[in-house]
Amino acid sequence: MADAHKLEIFKGLIKFKSNTQKIWGVLILLSIITAVEVVLGIYKPDALMTSVLGMKLLNWIFIILTIVKAYYITWDFMHMRDEAPGLRRAVVWTAIFLICYLVFILLVEGGYVESVYASGYIKRDF
Amino acid sequence: MNTTVVNTGTEGKQWGGGNEPLKSSYGKMMMWFFIVSDALTFSGFLAAYGFSRFKFIDSWPIADEVFTHVPFLHGQELPMIYVAFMTFVLIMSSVTMVLAVDAGHHMKKAKVTFYMFLTIIGGLIFVGSQAWEWATFIQGDYGAIQTKGGNILQFGEYKTVNGEEVFKRVALADFVTAEQKMRTEHENKNGLWFVGESSLPTYTVDEVLKGLKSHSNVLVRTQIINEEGHKTVLSREESIKQIANNGKAVVEGANLQVNEYGSPLFADFFFFITGFHGFHVFSGVVLNIIIFFNVILGTYERRGSYEMVEKVGLYWHFVDLVWVFVFTFFYLV
């Protein structure tokens with residue numbers, strides 16, 4: 001078990017000598033990502049406030065960085081990298097499919113309700 | 001004569017049974033099953049938050065203006081610093097957890113004990129921070145007026161900071177004077193025992209209106225977000241008109257009914273999602289403590305495997321994983 005760890009991240013770009021070393025490496029990576037998020041969140045550069053696909057570019061960056069963080073937590077801290085492909089796919093793709101489905105439905109519906117308030121004949125605020 | 005077939009003749013073959021195609025123990029697999037279902041629960045909550053936010057996209061509170069406090073640093077506006085600290089604490093305790101799992105693989109009891117201990121401390125710091133965050137949020141800082149339509153009107157003034165005109169919030173206490181009141185808090189000992197009410201706000205709407213009229217620098221800010229991404233600030237005449245015609249109640253802090261930061265839904269989801277997550281952290285700490293004592297007692301040393309540490313570790317990392325998403329969708333986006 002102990003020697004079954006895959007000790008590389010970034011498709012082998014960075015290789016670690018031991019599992020302990022890999023853990024610290026991943027911690028540094030996650031800390032850097034969090035620091036970038038916080039700095040962007042505080043300063044909110046104007047260049048990133050343009051709208052891309054219905055949402056601010058800055059928000060897309062936040063979401064992508066979050067998914068990157070989630071990937072490393074699952075793959076290295078939860079040892080998903082070392083599990084059998086069957087288990088990995090059963091867990092990851094089930095969750096990804098259902099979450100994407102739910103988020104899509106609810107956000108589209110929320111946007112529709114907003115458009116009814118904004119342009120329809122229903123008044124909420126008297 | 002036997003009437004049941006005992007041997008099928010497929011022993012040792014692929015379809016003979018007893019295979020473990022996922023190469024994972026029962027306990028670990030069940031923990032993964034639980035994590036998938038719990039992940040769906042949390043995404044249900046976060047998607048519901050997204051639904052409500054999209055519904056009121058033009059008037060949703062801006063998280064940067066809500067969570068600006070850091071313990072021991074009173075009166076300073078430091079958005080996100082404390083949440084970033086909390087995130088780091090949780091990631092750090094995830095690291096000590098995975099180090100404990102790793103030490104378990106090498107059957108090093110002392111190291112497992114030490115790292116489990118650090119993990120528990122990290123979890124406790126996080127839960128404590130969250131309690132502080134809740135207390136600050138419930139207490140509120142500036143106070144606001146709720147209109148008849150349920151909207152929130154806040155107060156502020158234009159100040160020049162570094163040569164730029166900036167809108168700064170003003171607390172009710174800075175321009176409103178409380179007067180002698182006829183209305184006292186109704187307690188259930190004074191009448192019907194089942195009828196009581198929560199504590200009354202410090203000021204009445206009339207007092208706020210008086211204070212607004214006598215301070216010519218104070219303006220009203222509505223919840224509507226303009227093109228620049230800021231909340232709309234009303235003119236002086238419009239400010240007084242809004243409070244006089246539509247002001248219904250003074251709101252201080254946040255609870256499940258009203259919220260001085262804006263939409264009450266924001267507070268509802270904040271309490272519900274961070275509360276549910278905090279409950280997960282709390283139960284994670286309890287599980288960690290149980291495992292910690294089992295490690296000390298040598299249960300896993302005798303069992304010959306520290307897999308239990310790995311299983312509770314999976315749960316602990318999952319709690320961290322959820323926080324990463326809560327952090328993004330509540331505080332950043």
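Cut-offs applied
- Residues numbered from 1 in each chain as written.
- Chains lettered and ligands numbered in written order.
- Predicted model: local features only at pLDDT ≥ 70, side-chain atom pairs only at ≥ 80, totals over all residues.
- Heavy atoms only, no water.
- Domains from an automatic or database assignment.
- Contact = heavy atoms within 4.5 Å.
- Buried area = accessible area lost by both parts, 1.4 Å probe.
- Salt bridge = Lys/Arg side-chain N within 4 Å of Asp/Glu carboxyl O.
- Polar contact = N/O pair within 3.5 Å; in protein donor to acceptor, adjacent residues only side chain to side chain.
- Helix = DSSP H or I, 4+ residues; strand = E, 2+ residues; numbered from the N terminus.
- Patch = residues over 30% accessible without salt bridge, like charges linked within 9 Å, V, L, I, M, F, W, Y side chains within 5 Å.
- Areas by Shrake-Rupley, 256 points an atom, 1.4 Å probe, with all protein chains shown as cover.
- Axes fitted to C-alpha atoms, helices over the stretch in contact; angles between N-to-C directions.
- Parallel < 35°, antiparallel > 145°, perpendicular 65-115°, else oblique.
- Left-handed = near helix turned anticlockwise from the far one by under 90°.
- Nonpolar A, V, L, I, M, F, W, Y, C, P; charged D, E, K, R; others polar.
- Phe/Tyr/Trp six-rings, centres within 6.5 Å; stacked < 30°, edge-to-face > 60°.
- Buried < 20%, exposed > 50% of the residue type's maximum accessible area, 1.4 Å probe, protein only.
- Core = buried A, V, L, I, M, F, W, Y, C linked by side-chain atoms within 4.5 Å.
- 1 Å grid on protein atoms, 1.4 Å probe; cavity = no way out; pocket = protein on both sides within 12 Å on 5 of 7 lines; lining within 4 Å.
- Points joined across faces, edges and corners; volume = space filled by probe spheres on them.

Colleague: Quick question: what am I supposed to make of the domain arrangement of chain B here?
Modeller: Interface size is commonly expressed as the accessible area that is lost once the parts come together. Residue and element names in this part refer to chain B. Split into domains, chain B comes out as domain 1 (26-140 + 265-332) and domain 2 (144-181 + 197-252). The C-alpha-based centres of domain 1 and domain 2 are spaced at 37 Å. In this assembly, 9 residues from domain 1 lie in contact with 7 residues from domain 2. Overall, the association of domain 1 and domain 2 removes approximately 570 Å² of surface from exposure, summing both partners, and the carbon and sulfur fraction of that is 46%. Inspection of the region where domain 1 meets domain 2 yields 1 salt bridge.

Colleague: What am I meant to see in the interface of chain B and chain A here?
Modeller: Across the contact, 53 residues belong to chain B and 50 residues belong to chain A. Among the residues chain B hides against chain A, the three largest losses belong to Trp 32, Phe 51 and Phe 54 of chain B. Together they make up 13% of the total. At the boundary of chain B and chain A, one finds 2 salt bridges. Where Glu 83 of chain A meets Lys 28 of chain B, a salt bridge forms, and the shortest distance between an N and an O atom there is 3.3 Å. Applying the counting rule to chain B against chain A returns 6 residue pairs in polar contact (both at pLDDT 80 or more). Contributing elements (two or more residues each) for the side of chain B that touches chain A: helix H1 (26-55), helix H3 (81-105) and helix H10 (307-332) of chain B.

Colleague: Where do I start with a nonpolar patch on the surface in this structure?
Modeller: A cluster of nonpolar residues, Phe 85, Phe 114, Phe 117, Leu 118, Ile 121, Leu 124 and Ile 125 of chain B, forms a patch on the protein surface that exposes about 600 Å² of accessible area. Considering each element in turn, the nonpolar patch owes the most residues, 6 residues, to helix H4 (residues 109-139) of chain B.

Colleague: Hey, could you run me through the packing of H4 of chain B against helix H8 (residues 264-297) of chain B in this one?
Modeller: Two numbers describe a pair of packed helices, the interaxial angle and the distance between the axes. Residue and element names in this part refer to chain B. Look at H4 against H8: their axes get within 9 Å of each other, and the N-to-C directions meet at 160°. Taken as axis vectors, H4 and H8 run roughly antiparallel relative to one another. For the element pair H4 and H8, the recorded crossing hand is left-handed. A per-class count over the contact of H4 with H8 returns 22 nonpolar, 9 polar and 2 charged.

Colleague: Help me out: how do you make sense of the packing of aromatic side chains in this one?
Modeller: The description of an aromatic ring pair rests on the distance of the ring centres and on the angle between the ring planes. Tallying each qualifying case throughout the model produces 38 aromatic pairs over all chains. Ring geometry for Tyr 71 of chain A against Trp 75 of chain A: centres 4.6 Å apart, planes inclined by 25°, an arrangement best described as stacked. Of this pair, Tyr 71 of chain A and Trp 75 of chain A both sit in helix H2 (residues 57-77), 4 residues apart, which is roughly one turn of the helix. Between Tyr 49 of chain B and Phe 269 of chain B, the ring centres sit 5.8 Å apart and the planes meet at 85°, which makes this aromatic pair edge-to-face. Linking Tyr 49 of chain B in helix H1 with Phe 269 of chain B in helix H8, this pair joins segments that are 220 residues apart in sequence. Residue Tyr 49 of chain B shares its accessibility class with Phe 269 of chain B, and that shared class is buried.

Colleague: In this structure, what is going on with unusual backbone geometry? I would like to understand it.
Modeller: It is generally the case that most residues other than glycine have a negative phi and that most peptide bonds are trans. Residue and element names in this part refer to chain B. One non-glycine residue, Lys 23, lies in positive phi territory at about 50°. With respect to the element layout, Lys 23 can be found in the segment before H1. The class of Lys 23 is exposed, set by a relative accessible area of 67%. Located in the positive-phi region is Met 80, a residue other than glycine, with phi close to 70°. Topologically, Met 80 is positioned in the loop between helix H2 (63-66) and H3.

Colleague: Looking at this structure, I do not really get the nonpolar core. What am I missing?
Modeller: The nonpolar side chains of a soluble globular protein tend to be buried, and buried together. All names here are of chain B. Residues Phe 137, Val 309, Trp 323 and Phe 330 are the most contacted members of the largest nonpolar core, which totals 95 residues. Looking at this core element by element, the count peaks at 16 residues for H10. Sequence-distant contacts of Trp 323, defined by excluding residues within four places in its chain, comprise Val 83, Met 86, Thr 87, Leu 90, Phe 126, Gln 130, His 277 and Tyr 331. In this structure, Ile 145, Val 205, Leu 209 and Ile 243 belong to the second largest nonpolar core, which totals 17 residues.

Colleague: Would you explain the layout of surface pockets in this entry?
Modeller: Empty space among the atoms can be located by rolling a probe the size of a water molecule over them. Residues and elements named next belong to chain B. In this structure, the second largest pocket spans a volume of roughly 530 Å³. Looking at the second largest pocket, it is lined by 21 residues, and the ones nearest its centre are Ser 198, Ser 199, Leu 200, Pro 201 and Val 250. Tallying contributions element by element places strand S6 (residues 247-251) first for the lining of the second largest pocket, with 4 residues. Of the residues assigned to the lining of the second largest pocket, the class counts are 9 nonpolar, 7 polar and 5 charged.

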